[in-house]
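# Summary of structural features
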Amino acid sequence: MALDRIENLIDKYFEGETSIAEENELKTYFSSLDVAQHLQQYQPVFGYFSQAKKEEFKAEIPLNTKKRNVAVWLSIAASFVIMLGVGTFMYLNTMEEVPSTETAYGTYDDPEKALAETEKALALVSEHLNTGIESVSYINEYNNSKNKIFKK
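In this report, the structure presented in the accompanying data block is examined. A quick note: this is a predicted structure, and the numbers were derived from the prediction, not measured. All chains use their own residue numbering, which begins from 1 and follows the written sequence. The predicted origin of the model limits local features to residues at a pLDDT of at least 70 and limits the giving and counting of side-chain atom pairs to 80 or more, whereas totals for whole chains, interfaces and linings rest on all residues. Each side-chain value is worked out from all heavy atoms of the structure, with water and hydrogens disregarded.

## A word on the overall build of the protein
Check the secondary structure of the protein and you find 5 helices and 0 strands. Helix numbering and strand numbering both begin at the N terminus, where a helix is a DSSP run of H or I of at least 4 residues and a strand a DSSP run of E of at least 2. Reading the protein from its N end, one meets helices and strands in the order α-α-α-α-α. In the protein, buried positions account for 9% of the 152 residues. Of the contacts formed within the protein by residues at least 6 apart in sequence, a portion of 27% connects residues at least 24 apart. Working definition of accessibility: Shrake-Rupley area with a 1.4 Å probe, residue cover restricted to the visible protein chains. As displayed, the protein offers around 13800 Å² of accessible surface, 61% of which is attributable to carbon and sulfur atoms. Only protein chains enter the calculation, and the probe is 1.4 Å; a residue is then buried if its accessible area is under 20% of its type maximum, exposed if over 50%, and partly exposed in between. Contacts were defined at the residue level, with two residues in contact if any of their heavy atoms lie within 4.5 Å.

Given below as structure tokens:
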């Protein structure tokens, strides 16, 4: 009866349907000396667990902390050099181009010139607005045609 139970547990084990208690029962059976002849082929599978529990890793792992410190300091130095270069580039570019009083912040000393520039800007906005209104009229024409074809 016990042999039949072990065979059924082996079948369940390879199907992945055993519980922890059933697996422990299989481990204890295969770790004993009285294993049936036709089941000895499974003994290495279950005997591995008891052998693995006894093994320990005793090798010493060397720590290379000096190489890591060099890499950290090298990356910090590279970041500092890049930031210094970008800052210098930005500082020198802004210092070279000093805007004149007519174009600085969009202000003008001459009121007539300011009026002309304002009219030019408003004409540009009006032109783009008219283009947008024309495209809306195309959409209205499309909606009218669609409503004639697909009556609601």
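## A short note on the packing of aromatic side chains
Ring pairs shown here join Phe, Tyr and Trp side chains whose ring centres sit within 6.5 Å, with only the six-membered ring taken for Trp; geometry is labelled stacked below 30 degrees between planes, edge-to-face above 60, and tilted in between. Inspection of the entire model under this criterion finds 3 aromatic pairs. Relative to Phe-14, the ring of Tyr-13 has its centre 5.5 Å away and its plane inclined at 75°; by these criteria the two rings are edge-to-face. Taking relative accessible area as the criterion, Phe-14 reaches 47% and is therefore assigned partly exposed. Among the aromatic residues, those joined into a cluster by ring pairs are Tyr-13, Phe-14 and Tyr-42.

## Brief notes about the side chain of Thr-18
Mapped onto the elements of the fold, Thr-18 is located in the loop between α1 (2-15) and α2 (20-31). Overall, the relative accessible area of 14% leaves Thr-18 in the buried class. In terms of polar contacts, Thr-18 uses its side chain to reach the side chain of Glu-23, at 3.0 Å. Not counting the four nearest positions on each side in its chain, Thr-18 is found in contact with Leu-9, Lys-12, Tyr-13 and Glu-23. Side-chain atoms alone can form a polar contact between residues adjacent in sequence; in general such a contact is a pair of N or O atoms within 3.5 Å, and within protein one must be able to donate a hydrogen while the other accepts it.

## Some details on the nonpolar core
Counting residues in hydrophobic clusters, the biggest one holds 10 residues: Ile-6, Leu-9, Ile-10, Leu-26, Tyr-29, Phe-30, Val-35, Ala-36, Leu-39 and Phe-46. Elements supplying a minimum of two residues to this core: α1 and α2. Setting aside its immediate chain neighbours within four residues, Val-35 contacts Tyr-29, Phe-30, Gln-40 and Gln-43. Among buried residues, those of type Ala, Val, Leu, Ile, Met, Phe, Trp, Tyr and Cys that are joined through side-chain atoms within 4.5 Å constitute a nonpolar core.

## Let's talk about the environment of Arg-5
In this structure, Arg-5 sits in helix α1. Since its relative accessible area comes to 40%, Arg-5 is described here as partly exposed. Along the chain, Arg-5 and Leu-26 lie 21 residues apart, while their C-alpha atoms are 9.9 Å from each other. Side-chain polar atoms of Arg-5 contact the side chain of Glu-25, separated by 3.1 Å.

## What to know about the environment of Glu-23
Of note, Glu-23 is situated in helix α2. Looking at Glu-23, the relative accessible area reads 23%, which means it is partly exposed. Separated by 14 residues in the primary sequence, Glu-23 and Leu-9 place their C-alpha atoms 8.0 Å from one another. If we skip the residues at most four places from it in the chain, Glu-23 touches Tyr-13 and Thr-18.

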